[in-house]
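# Summary of the model geometry
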Amino acid sequence: MANVELKKLKKVYGKDVLAIKEADVFIEDKEFVVLVGPSGCGKSTLLRMIAGLEEISGGDLYIDDARVNDVSPKDRDIAMVFQNYALYPHMTVFENMAFGLKLRKYPKAEITQRVEEAAKVLGLTPYLDRRPKEMSGGQRQRVAIGRALVRQPKVFLFDEPLSNLDAKLRVQMRIEIKRLHKQLQATMIYVTHDQIEAMTMGDKIVVLKDGIVQQVDSPMNLFNNPANKFVAGFIGSPSMNFLQGEIEKTEELEFVSGTVRFGIPNELNLHDKLSPYIGQPVTFGFRPEYLYDKAKEKSKQLSVDMDIIIDVTEPVGSEAYNYFHFKGQEDLTFCFRSDSAYDYQSNETITVGLDVARLRFFDVETENRIA
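Residues numbered from 1 in each chain as written. Predicted model: local features only at pLDDT ≥ 70, side-chain atom pairs only at ≥ 80, totals over all residues. Heavy atoms only, no water.

## Observations regarding helix 5 (residues 167–184)
Counted only if it meets this: Helix numbering and strand numbering both begin at the N terminus, where a helix is a DSSP run of H or I of at least 4 residues and a strand a DSSP run of E of at least 2. How far a helix is expected to stretch is found by multiplying one less than its residue total by 1.5 Å. Side-chain atoms alone can form a polar contact between residues adjacent in sequence; in general such a contact is a pair of N or O atoms within 3.5 Å, and within protein one must be able to donate a hydrogen while the other accepts it.
The end-to-end C-alpha separation of helix 5 is 26 Å, in line with the 26 Å expected for 18 residues at 1.5 Å each. Its side-chain oxygen at 3.2 Å from the backbone nitrogen of Lys168, Asp166 defines the N-terminal cap of helix 5.

What follows is the structure, encoded as structure tokens:
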């Protein structure tokens with residue numbers, strides 16, 4: 001297997017359509033890296049540049065420490081799994097998986113051995129004589145993965161391979177791909193627009209927006225320490241709540257937004273960073289998971305407290321998403337998670353706490369995190 005390095009990689013269409021702006025990413029050998037972002041952010045373009053299917057406009061691409069900007073796709077020793085499976089309908093599963101090896105003139109015995117080994121790993125052995133139309137979507141996707149697997153490439157590339165599957169099958173296939181990665185110890189680069197998929201699968205996540213890499217980090221660091229407001233809002237479901245207000249100074253620094261007011265404890269070492277914002281607007285961010293009902297969960301640690309008014313509650317099994325507003329701010333809706341047994345009622349007022357270690361503030365103009 002191999003590492004992959006992107007150095008100021010750039011893609012321009014025509015004269016001035018910038019699809020990728022100087023991407024700098026290092027992917028370790030045997031790492032599972034997910035490229036995630038909204039539609040049109042450039043993640044598939046970036047993957048296709050790595051595969052050699054898109055020309056590189058600027059910067060350098062290295063696979064296994066060798067510069068491959070001008071190396072043809074077939075010579076990069078990569079294998080790609082596409083969103084639409086791209087199987088040959090007139091061929092059997094065996095023939096589809098063997099096709100690439102036949103083109104490369106591998107001995108027949110070796111082709112048979114590789115296909116049978118891959119089929120065993122993916123649970124496809126009983127289906128080797130079937131054609132794609134006789135198989136389910138999940139089985140076809142496994143065939144597409146098997147076709148890549150028999151190549152034994154340095155790098156596996158996945159371009160939204162699960163987007164055509166139903167929700168239950170997507171979960172099942174996520175587990176299978178993660179298990180396959182653990183078994184093969186392979187370098188894998190995976191594209192998705194689904195941030196839950198990214199969080200559950202990736203060792204490392206690359207978040208993109210408008211062709212620009214916003215942050216490269218582990219899933220939990222992205223969740224707890226987002227670099228900017230976009231990452232904070234994109235990662236997590238339900239997404240982070242945002243409330244704009246000002247920093248005021250009385251005896252201590254305080255955040256104020258209408259009826260919401262709380263002090264910022266000295267222990268956070270945020271005062272030096274927030275002092276330049278005194279009298280200035282900032283955005284306060286807080287995740288639904290970070291709030292808790294003070295009356296029902298009294299054992300929680302030091303917190304800032306806020307009174308909220310419940311609008312609507314959505315039970316989702318063992319937990320509930322509670323949508324609320326602050327007094328005097330009925331036009332703004334926020335969310336916090338709770339145990340579904342709490343059964344809040346519409347217009348009920350409760351006091352929630354927020355762990356002081358989880359206060360997040362963002363610059364209104366740049367949207368970068370103040371930290």
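## Some words on the packing of aromatic side chains
Test applied: Here a Phe, Tyr or Trp ring, Trp counted by its six-membered ring, pairs with any other such ring whose centre lies within 6.5 Å, and the pair is stacked when the planes are under 30 degrees apart, edge-to-face when over 60, and tilted otherwise. Buried residues are those whose accessible area, probed at 1.4 Å on protein chains only, stays under 20% of the maximum for their type, while exposed residues exceed 50% and partly exposed ones sit between those limits.
For the structure shown, the criterion picks out 19 aromatic pairs. Geometrically, the ring pair formed by Phe223 and Tyr290 is edge-to-face, given 6.3 Å between the ring centres and 80 degrees between the ring planes. Of this pair, Phe223 sits in helix 7 (residues 219–224) while Tyr290 is found in the loop between strand 14 (281–286) and strand 15 (291–293), placing the two residues 67 residues apart along the sequence. For the pair shown, Phe223 and Tyr290 are each scored as buried. Taken together, a centroid distance of 5.2 Å and an interplanar angle of 55 degrees make the contact between Phe326 and Phe334 tilted.

## So, the packing of helix 3 (residues 108–122) against helix 4 (residues 137–149)
Quick reminder of the rule: To obtain an axis, a line is fitted to C-alpha atoms, over the contacting stretch when the element is a helix, and the angle between two such axes runs from 0 to 180 degrees between their N-to-C directions. Any angle between 65 and 115 degrees counts as roughly perpendicular, while under 35 counts as roughly parallel, over 145 as roughly antiparallel, and the rest as oblique. Crossing handedness is read from the near helix: turned anticlockwise from the far helix by less than a right angle, it gives a left-handed crossing, and turned clockwise, a right-handed one. When checking whether two residues touch, look at their non-hydrogen atoms; a contact exists if any pair is within 4.5 Å.
The contact between helix 3 and helix 4 brings their axes to 9 Å, and the two run at 140 degrees. With respect to helix 4, the element helix 3 is oriented oblique. Regarding helix 3 and helix 4, the two cross each other, and that crossing is right-handed. Contacts from Ala118, Val121 and Leu122 of helix 3 reach helix 4 at Arg142, Ile145, Gly146 and Leu149.

## Some points on the sheet that holds strand 4 (residues 58–63)
This is how the line gets drawn: When DSSP finds two or more bridges between a pair of strands, those strands are recorded as paired.
If you walk across this open sheet you meet the four strands as 2-1-4-5, and the pairing is antiparallel. Unpaired on one side and paired on the other, strand 2 (17–27) and strand 5 (66–67) mark the two borders of the sheet. Examined bridge by bridge, strand 1 (residues 4–13) and strand 4 share five bridges and lie antiparallel to one another. What sits directly across from Lys7, in strand 4, is Asp60. In the packing of helix 1 (residues 43–51) onto the sheet, the strands contacted are strand 1, strand 2 and strand 4, and the crossing angle to strand 1 comes to about 115 degrees.

## Observations regarding the sheet that holds strand 12 (residues 253–257)
Across the sheet, which stays open at both edges, the five strands sit in the order 13-12-11-14-20 with antiparallel pairing between neighbours. Of all strands in the sheet, those with a lone pairing partner are strand 13 (260–263) and strand 20 (360–363), marking the two edges. Adjacent strand axes in the sheet meet at a mean angle of 35 degrees, parallel and antiparallel pairs treated alike. Pairing of strand 11 (residues 241–249) with strand 14, which is carried by six bridges, proceeds in the antiparallel orientation. The partner of Asn241 across the bridge, within strand 14, is Phe286.

## Here we look at the pairing of strand 4
Pairing geometry for strand 4 and strand 5, over two bridges, is antiparallel. In the strand pairing of strand 5, Ile63 is matched with Ala66. Two successive antiparallel strands, strand 4 and strand 5, enclose a turn made up of two residues, where Asp64 displays a positive phi of approximately 55 degrees.

## Structural notes on the side chain of Asn69
Following the sequence through the fold, Asn69 ends up in the loop between strand 5 and strand 6 (78–81). At 2.8 Å, the side chain of Asn69 forms a polar contact with the backbone nitrogen of Leu61. The residues contacting Asn69, other than those within four sequence positions of it, are Ile56, Gly59, Asp60, Leu61 and Arg76.

## Focus: the packing of helix 2 (residues 93–103) against helix 4
Which entries qualify depends on this criterion: Charged means Asp, Glu, Lys or Arg here, nonpolar means Ala, Val, Leu, Ile, Met, Phe, Trp, Tyr, Cys or Pro, and polar covers whatever is left, Gly included.
Two elements in contact, helix 2 and helix 4, have axes separated by 8 Å at closest approach and are oriented at 35 degrees. Here helix 2 and helix 4 pass one another in a crossing that is right-handed. The residues of helix 4 that touch helix 2, namely those facing Val93, Asn96 and Met97, are Val143, Gly146 and Arg147. Along the lines of polarity and charge, the residues of the contact of helix 2 with helix 4 split into three nonpolar, two polar and one charged.

## Structural notes on the environment of Lys120
Among the structural elements, Lys120 can be located in helix 3. By relative accessible area, Lys120 is classed as exposed at 69%.

## Things to note about the pairing of strand 3 (residues 32–36)
Summarising burial for strand 3: five of the five residues are buried, a large majority. When strand 3 meets strand 9 (residues 204–209), the two strands line up parallel, connected through four bridges. Paired with Val36 across the two strands is Val207, which belongs to strand 9.

## Looking at the layout of surface pockets
Here is the rule we go by: Definitions used for this entry: grid spacing 1 Å over protein atoms alone; cavity, a set of points where a 1.4 Å probe fits but cannot get out; pocket, an open set with protein on both sides within 12 Å along at least 5 of 7 lines; lining residue, one with an atom within 4 Å of a point. Grid points are joined across faces, edges and corners, and a volume is the space filled by probe spheres set on the points.
The computed volume of the largest pocket comes to approximately 490 Å³. Met80, Phe82, Arg104, Arg147 and Arg151 are, among the 18 residues lining the largest pocket, the residues nearest its centre. The set of elements that each furnish at least two residues to the lining of the largest pocket consists of strand 6, helix 2 and helix 4. A class-by-class count of the residues in the lining of the largest pocket yields 13 nonpolar, one polar and four charged.

## Points about the environment of Asp166
Within the secondary structure layout, Asp166 lies in the loop between strand 7 (155–159) and helix 5. It is 9.2 Å that separates the C-alpha atoms of Asp166 and Gly138, two residues lying 28 residues apart in sequence. Reaching out from Asp166, the side chain makes a polar contact with the backbone nitrogen of Lys168 at a distance of 3.2 Å.

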